[in-house]
Amino acid sequence: MPNAEALDVVVVMDPIATIKTSKDSTFAMLLEAQRRGHRLHYVRPGGLGVQQGQAVAISAPLQVRDQATDHYTLGEWATRPFGPDHVVLMRTDPPVDANYWHDTQILGLAQRQGARVVNDPQGLRDFNEKLAALLFPQCCPPTLVSRDSKALKAFVIEHGDAVLKPLDGMGGRSIFRSHAGDPNLNVILETLTEGGRQLAMVQRYLPEIVHGDKRILLVDGEPVDYCLARIPQGDEFRGNLAAGGRGEGRPLTARDRWIAAQVGPSLRQRGMLFVGLDVIGDYLTEVNVTSPTCIRELDAQFGLNIAGQLFDRIEALARP
């Protein structure tokens, strides 16, 4: 790409020094952007701000190398305003706490200054990754969200076997499997709801989890042709890779494509350019919008270039 057409790709992410390059989807995006001749800028963690009504970032020019160590070089730090040639990759991991919320508000100002933010900041605020799945009830297993321990317990008793989780977790943290008659159920509910102060989610346990918790990636509402099934190992019921799950690539099933077709158009309309759907068996369980992963695993297994698909759309949208 001629330099005159290059974009400034500004990445807001967790500390780049600590990532595992062989598994990090943000790193795959940076490699692809650099390959296309775009200029990379790394925002110092906590470096977003507002000066005289303008959204700014403390950032440094970035170069990346596809290797396990010594994988990046930073230039000089400076405070730079966002502008029309900027594409911002908002890729920090949950929790979506007050700091995250404020950063999305600053990125909303960056949009007003002409920057394109992936994913849309308003969407990042609106789509809790657990609750967002419930916008598509036709795709979901039986689910209850409540602060009421008695109601949550009654759901477990009704369905016999259930999974309970907080609304702000990731990577399988604080997810419990329980059943009717479980002597630990009361304390699980007390812990998750903090004595009735916090919302918790309970879903009917899906035995198909033994075959994997599938991650389906959507690029501008369209599914990648393969998913990564994250299969629980040993005595673990969680398939999350962070919880020790094994990743196995598979073609999408007809049901997977139906779920993607139910969800994709709404997410595209809301500016959710890169999304990960979690599907167990025939059911949607989460809609991941903050920092979906599995690009590098699927690329390696099937010879794909998912970040390339993403940047095809980013470039088309940046220069309609």
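You'll find the structure just up there.
A brief look at the structure comes next. Nothing here was measured: the structure is a model prediction, and the numbers come from that model. (Residues numbered from 1 in each chain as written. Predicted model: local features only at pLDDT ≥ 70, side-chain atom pairs only at ≥ 80, totals over all residues. Heavy atoms only, no water.)

Considering the overall build of the chain
Defined as follows: Only runs of H or I of at least four residues qualify as helices and only runs of E of at least two qualify as strands under DSSP, and these elements are numbered from the N terminus. We compute the radius of gyration over the C-alpha atoms and compare it with the globule rule, which gives 2.2 Å times the number of residues raised to the power 0.38. Think of it in three bands: with a 1.4 Å probe and only protein chains considered, a residue is buried below 20% of the maximum accessible area for its type, exposed above 50%, and partly exposed in between. Only heavy atoms enter the contact rule, under which two residues are in contact if any of them lie within 4.5 Å. Areas reported here follow the Shrake-Rupley algorithm with a probe of radius 1.4 Å; residue values treat only the protein chains shown as occluding. Charge counting follows a simple rule: Lys and Arg are positive, Asp and Glu are negative, and His as well as the terminal groups are ignored. For the purpose of locating charges, the reference atoms are NZ of Lys, CZ of Arg, CG of Asp and CD of Glu.
When its secondary structure is counted, the chain shows eight helices and 17 strands. What you see for the chain is a C-alpha radius of gyration of 20 Å, in line with the 20 Å of a compact globule of 320 residues. Every one of the 320 residues in the chain was classed for burial, and the buried ones make up 51%. At a minimum sequence separation of 6, the contacts of the chain that also span at least 24 residues come to 66%. Split by element, the accessible area of the chain, about 14300 Å² in all, is 49% carbon and sulfur. In the chain, 34 positive and 38 negative side-chain charges are present, and the distance between their average locations comes to 1 Å.

Regarding unusual backbone geometry
Cis geometry marks the peptide bond from Pro94 to Pro95, where omega comes out at 20°. With respect to the secondary-structure elements, Pro95 resides in the loop between β6 (86-90) and α2 (98-112). Of note, the amide linkage connecting Val118 to Asn119 takes the cis form, showing an omega dihedral of 0°. The phi angle at Asp70 is positive, at roughly 50°, despite the residue not being glycine. Structurally, Asp70 is set in the loop between β3 (54-64) and β4 (72-74). Since its relative accessible area comes to 54%, Asp70 is described here as exposed.

So, the packing of aromatic side chains
For the record, the criterion: Stacked, tilted and edge-to-face are the three classes applied to pairs of Phe, Tyr and Trp rings, where Trp contributes its six-membered ring and a pair requires centres within 6.5 Å; stacked means planes under 30 degrees apart, edge-to-face means over 60, and tilted covers the rest.
Tallied over the full model, the rule gives two aromatic pairs. On the numbers, 6.2 Å between centres and 50° between planes, the contact of Tyr42 with Trp77 is tilted. You can see Tyr42 sitting in strand β2 (residues 39-51) and its partner Trp77 sitting in the loop between β4 and β5 (78-81), a full 35 residues away along the chain. Take Trp77: its relative accessible area is 35%, and that puts it in the partly exposed class. Ring centres of Tyr226 and Phe302 lie 3.9 Å apart, and the angle between their planes is 15°; this geometry places the pair in the stacked category. Of this pair, Tyr226 sits in strand β14 (residues 226-231) while Phe302 sits in helix α7 (residues 295-302), and the two are 76 residues apart along the sequence.

A closer look at the pairing of strand β9 (residues 161-166)
For the record, the criterion: For two strands to be treated as a pair, DSSP must find at least two bridges joining them.
Here β9 lies mainly inside the structure; five of its six residues are buried. Across four bridges, β9 lies against strand β10 (residues 176-179) in antiparallel orientation. Bridge pairing links Asp161 to His179 in β10. Of the strand pairs in this sheet, β9 and strand β11 (residues 200-204) are connected by five bridges, and their pairing is antiparallel. Its bridge partner lying in β11, Val163 is registered against Gln203.

Thoughts on the pattern of salt bridges
Short version of the rule: Salt bridges are counted wherever a side-chain nitrogen of Lys or Arg sits within 4 Å of a carboxyl oxygen of Asp or Glu.
With the rule as written, the count across this model stands at 20 salt bridges. Residue Glu286 pairs with Lys130 through a salt bridge whose shortest N-O separation is 3.7 Å. Placement of Glu286 in strand β17 (residues 283-288) and of Lys130 in the loop between α3 (121-126) and β8 (143-146) is noted, with a sequence separation of 156 residues between them. A salt bridge links Arg215 to Asp278, with the nearest nitrogen and oxygen atoms 2.7 Å apart. Of this pair, Arg215 sits in strand β12 (residues 213-219) while Asp278 sits in strand β16 (residues 274-280), placing them 63 residues apart in sequence.

Comments concerning the nonpolar core
Basically, it comes down to this: Put simply, a nonpolar core is a bunch of buried Ala, Val, Leu, Ile, Met, Phe, Trp, Tyr and Cys residues held in one set by side-chain atoms that sit within 4.5 Å of each other.
Among the nonpolar cores identified, the biggest contains 37 residues, and Phe82, Leu267, Leu277, Leu284 and Val287 are the most heavily contacted of them. Residue contacts for Leu277: discarding those within four places in its chain leaves Lys214, Arg215, Ile216, Leu218, Ile259, Ala260, Val263, Leu267, Leu284, Glu286 and Val287. Phe27, Ala33, Val87 and Phe311 belong to the second largest nonpolar core, which has 33 residues in total.

Side note on empty space enclosed by the protein
What counts, and what does not: Any residue with an atom within 4 Å of a point lines the site, the site being either a cavity, points on a 1 Å grid over the protein atoms alone where a 1.4 Å probe fits but cannot get out, or a pocket, an open set with protein on both sides within 12 Å along at least 5 of 7 lines. Grid points are joined across faces, edges and corners, and a volume is the space filled by probe spheres set on the points. Here the term charged refers only to Asp, Glu, Lys and Arg, the term nonpolar to Ala, Val, Leu, Ile, Met, Phe, Trp, Tyr, Cys and Pro, and the term polar to all other amino acids, Gly among them.
Applying the stated criterion across every chain, the model contains two cavities of 30 Å³ or more. Taken as a whole, the second largest cavity holds about 50 Å³ of empty space. Taken together, Met29, Leu89, Met90, Arg91, Val118, Asn119, Phe274, Val289, Thr290, Pro292 and Leu310 make up the full set of residues lining the second largest cavity. Residue classes in the lining of the second largest cavity are distributed as eight nonpolar, two polar and one charged.

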